[in-house]
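# Residue-level structural notes
Residue-level listing of the chains:
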Amino acid sequence: MKISSECAACVYLQLMRTLDHQKVNNHVAIQAQVMSRLASQWETLDNPGIAVYLMYEIAQKNNKVKDPYREDKRLANSMAETYWQQRPIPIDDLERRFLYAAAANIIDAGLGDNTQRLFLQLDRAIQQGFARNDIQKFVQAIPASGKILYISDNAGEIVFDRELIRSLRHKGWHVSILVRHHTFLNDVTRDDVEEMGLSSVADTVLDFGEDFTMWKLSDEDLQAWQEKYDGVIIKGIANLEALSHRNLQVPALFLYRAKCPPSARLAGVEGNTNVAWLKE
């Protein structure tokens, strides 16, 4: 997804939430560093995800805690587990499990909103259904016993991703899940895998190493996906930003909550709706 005029305000809001979360006293000095660096590169950035990455890289230098979102992530995961146990969906109901996973993209633990309030919002998001639903087109494009790569996003929503993966495997597909190697905001990392039971659900748990970020994927990496996987499910806004404008060469289903105008325009939907968009 290319940078648009709305992205600058969004990156700045994310910076403020990050500094508030880290209880940084001198916001202005860090703001100056971030704005100076981004201003010098803004017109050349490939997608807004890079801007957020550069912002967080500067902000994190002022925080000595390795994983400042660890407790927020644990709380979100615990609440999501409880939510799922109270509202289980039959394993054969693949489309509704897709809906829960898309709507759960509303959970941004530790990023400026009360986690309990987010779960109340999740109820309303699920009740909306899909504003765009390309699920059947996607699953029909995947051969029986085919291989799917599932690219994960945030804590909390990972519970619903896990249950969607369980359903996909029940249908006969092989599913590998990609998580981050290192901590980044509230994203799911290799350290979260065992705690969330991912290794017992997915066929394989992958990460691309310490220096990996999604926007660094080369054309050769994407070509390798075509050779290894029959389809890709891509969760969340950050992954949408990094990959929606790339030539993925395999059926790619972007599964997310349209939280900003650019993400809504891509799928041709209203804002704050659930999206399952198959890029063709």
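## Examining the environment of E270
With respect to the helices and strands, the residue E270 is situated in the loop between α11 (261–267) and β7 (274–279). Residue class for E270 comes out exposed when judged on its relative accessible area of 64%. Taking the C-alpha atoms as reference, E270 lies 33 Å from D221; in sequence the two are 49 residues apart. If we ignore the near neighbours within four places in the chain, the residues touching E270 are A258 and A264.

## Considering the nonpolar core
Generally speaking, nonpolar side chains in soluble globular proteins are found buried as a group. Residues F98, L122, F160 and L255 are the most contacted members of the largest nonpolar core, which totals 49 residues. Broken down by element, this core gets its largest block of residues, seven residues, from helix α5 (residues 94–103). When residues no more than four places from it in sequence are discounted, the contact partners of L122 are Y83, A103, A104, I106, I107 and F160. Counting residues in each nonpolar core, the second largest holds 27 residues, with M1, L149, M214 and W225 among its members.

## Focus on the pairing of strand β5 (residues 231–235)
With five of five residues buried, β5 is to be regarded as a mostly interior element. Burial along β5 is two-sided: G231, I233 and K235 facing one way and V232 and I234 facing the other are all buried. Across four bridges, the pairing between strand β2 (residues 147–151) and β5 is parallel. Paired with L149 across the bridge in β5 is V232. Pairing analysis gives four bridges linking β5 to strand β6 (residues 252–257), with the strands arranged parallel. Considered in β6, the bridge of I233 is made with L253. For the crossover that starts at β5, traverses helix α10 (residues 237–243) and ends in the parallel β6, the hand is right-handed.

## Observations concerning the pairing of β2
Taken across its five residues, β2 has four buried, putting it largely inside the fold. Examined bridge by bridge, β2 and strand β3 (residues 174–178) share five bridges and lie parallel to one another. Looking at β3, one finds that I151 is bridged to L178. This β-α-β element, β2 to helix α8 (residues 158–170) to β3, shows right-handed connectivity.

## Description of helix α1 (residues 7–21)
Compared with the 21 Å implied by 1.5 Å per residue over 15 residues, the 21 Å span of α1 between its first and last C-alpha is a close match. Where α1 is concerned, the buried positions are C7, V11, Q14, L15, T18 and L19. Buried residues in α1, looked at end-on, bunch into an arc of 130 degrees, giving them a common side. Positive phi shows up at K23, right after α1, with a value of about 55 degrees.

## Overview of the packing of aromatic side chains
Applying the stated criterion to the full structure yields eight aromatic pairs. Look at Y56 and F184: their rings are 4.9 Å apart centre to centre, the planes differ by 75 degrees, and that puts the pair in the edge-to-face class. Taken as a pair, Y56 in helix α3 (residues 48–60) and F184 in the loop between β3 and β4 (204–206) lie far apart in primary sequence, 128 residues in all. Overall, the relative accessible area of 5% leaves Y56 in the buried class. The class for F184 is buried, based on a relative accessible area of 8%. Between Y100 and F160, the ring centres sit 6.2 Å apart and the planes meet at 55 degrees, which makes this aromatic pair tilted. Taken as a pair, Y100 in helix α5 and F160 in helix α8 lie far apart in primary sequence, 60 residues in all. Residue class for Y100 comes out buried when judged on its relative accessible area of 7%. A network of ring pairs unites the aromatic residues Y83, W84, Y100, F119 and F160 as a single cluster. One cation-aromatic arrangement involves R87 over Y83; the distance from NZ or CZ to the ring centre is 3.7 Å.

Rules used in this analysis
- Residues numbered from 1 in each chain as written.
- Predicted model: local features only at pLDDT ≥ 70, side-chain atom pairs only at ≥ 80, totals over all residues.
- Heavy atoms only, no water.
- Helix = DSSP H or I, 4+ residues; strand = E, 2+ residues; numbered from the N terminus.
- Buried < 20%, exposed > 50% of the residue type's maximum accessible area, 1.4 Å probe, protein only.
- Contact = heavy atoms within 4.5 Å.
- Core = buried A, V, L, I, M, F, W, Y, C linked by side-chain atoms within 4.5 Å.
- Pairing = 2+ DSSP bridges.
- Right-handed = clockwise from strand over helix to strand, strands pointing away.
- Expected span 1.5 Å × (residues − 1).
- Arc of directions from axis to C-beta.
- Phe/Tyr/Trp six-rings, centres within 6.5 Å; stacked < 30°, edge-to-face > 60°.
- Lys NZ or Arg CZ within 6 Å of the ring centre and 35° of its normal.

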